[in-house]
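So the chains spell out like this:
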Amino acid sequence: MNEERRIAVEQVDAVEAPPKARVEDVLDAPTETSAGVTETFERKRDYLTGFLQQKPEPHPAGEPGGALYESVIEALKEIYDPEIPVNIYDLGLIYSVDITADGHASVQMTLTTPHCPVAESMPGEVELRVGSVPGIGHAEVNLVWDPPWDPQKMTDDAKLELGML
């Protein structure tokens, strides 16, 4: 156990790079199977060419991910509940946004309670804001109470803002 350990240092000028795997090395290379039969496999060189050149299909404007849909969501995020310092979209008050090809927007929303003081004015404000988005010809707001709103419908950002996380 009392053996003396020595560290040897060797100085070199360059190190040869290890060989890289190439498709050419695999092409037409004979391989032996478990049954002892030698087979030759051909691999096309351009097997990824079509995949890499594909462009993602654009989302229709009124579908989630489309420019018009995202503009409507941004407009909804500008509307704040007067009692809670969080926008109505992050509060989870917006249940759905549907946009037709001809620019008709339909928003299904709720309020925190049926006795909310802005029950009369909030749907009108939502309709005005959504209707003012360029590309929307007509906006319709449907106020629903089923399913009832609860704090679990809020986004994590809203919960963090309100100190609930």
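Structure first, text after, so check above.
Now for a description of the structure that goes with this document. Position labels on residues start from 1 in each chain and follow its written sequence. Local features in this predicted model are restricted to residues whose pLDDT is 70 or higher, and side-chain atom pairs enter the listing and the counts only when it is 80 or higher, whereas totals over whole chains, interfaces and linings include all residues. Side-chain metrics in this entry use all non-hydrogen atoms of the structure; hydrogen atoms and water are not considered.

### Let's talk about the overall build of the protein chain
So, step 1. Along its length, the protein chain carries five helices and five strands.
So, step 2. Segments assigned H or I by DSSP are reported as helices when at least four residues long, segments assigned E as strands when at least two residues long, and all are numbered from the N terminus. Put simply, the protein chain runs from its N terminus to its C terminus through helices and strands in the order α-β-β-α-α-β-β-α-β-α.
So, step 3. Relative accessibility thresholds used throughout: buried, under 20% of the residue-type maximum; exposed, over 50%; partly exposed, between the two (1.4 Å probe, protein chains only). Looking at the protein chain residue by residue over its 165 residues, the buried ones come to 26%.
So, step 4. Whether two residues are in contact is decided by their heavy atoms, any of which lying within 4.5 Å being enough. Long-range pairs, those at least 24 residues apart, make up 49% of the contacts in the protein chain between residues at least 6 apart in sequence.
So, step 5. A total accessible area of about 12,600 Å² is found for the protein chain, and carbon and sulfur atoms account for 51% of it. Method for areas: the Shrake-Rupley scheme with a 1.4 Å probe, in which residue coverage is limited to the protein chains shown.

### Observations concerning the pattern of salt bridges
So, step 1. Salt bridges are identified by distance alone: a Lys or Arg side-chain nitrogen within 4 Å of an Asp or Glu carboxyl oxygen. Under the counting rule described, the total for this entry stands at two salt bridges.
So, step 2. E78 is paired through a salt bridge with R129; the nearest N and O atoms lie 3.7 Å apart. Note that E78 is positioned in the loop between helix 3 (67-76) and strand 3 (94-99) and R129 in helix 4 (residues 122-131), a separation of 51 residues in sequence.
So, step 3. The partly exposed category is assigned to R129, whose relative accessible area is 29%.
So, step 4. One salt bridge in this structure joins E125 and R129, with 3.7 Å as the shortest N-O distance. In this pair, E125 and R129 both sit in helix 4, four residues apart, roughly one turn of the helix.

### Some points on the sheet that holds strand 5 (residues 138-143)
So, step 1. Read across the open sheet, the three strands follow the order 3-4-5; overall the sheet is mixed. Taken across any chain shown, the strands that pair with only one partner, and hence form the sheet edges, are strand 3 and strand 5. Going across the sheet, the axis of each strand differs from the next one's by a mean of 15 degrees, ignoring polarity.
So, step 2. Where strand 4 (residues 104-109) lies against strand 5, six bridges are found, and the strand directions are parallel. The residue bridging A105 from the neighbouring strand is A139, located in strand 5.
So, step 3. Across the sheet, helix 4 is in contact with strand 4 and strand 5; its angle to strand 5 comes to roughly 155 degrees. Following DSSP output, two strands are said to pair if at least two bridges run between them. Axes, fitted as lines to C-alpha atoms, cover a helix only where it is in contact. Angles between the N-to-C directions of the axes lie from 0 to 180 degrees.

### Examining the pairing of strand 4
So, step 1. For strand 3 and strand 4, the ladder comprises five bridges, and the chain directions are antiparallel. From the neighbouring strand, V97 faces strand 4, where its bridge partner is V107.
So, step 2. Connecting the antiparallel pair strand 3 and strand 4 is a turn made up of four residues, with G103 showing a positive phi of about 90 degrees.
So, step 3. Between the parallel pair strand 4 and strand 5, the chain is carried across by helix 4, and the sense of this crossover is right-handed. Orient the strands so they point away from the viewer; a crossover is then right-handed if the path from the first strand over the helix to the second runs clockwise.

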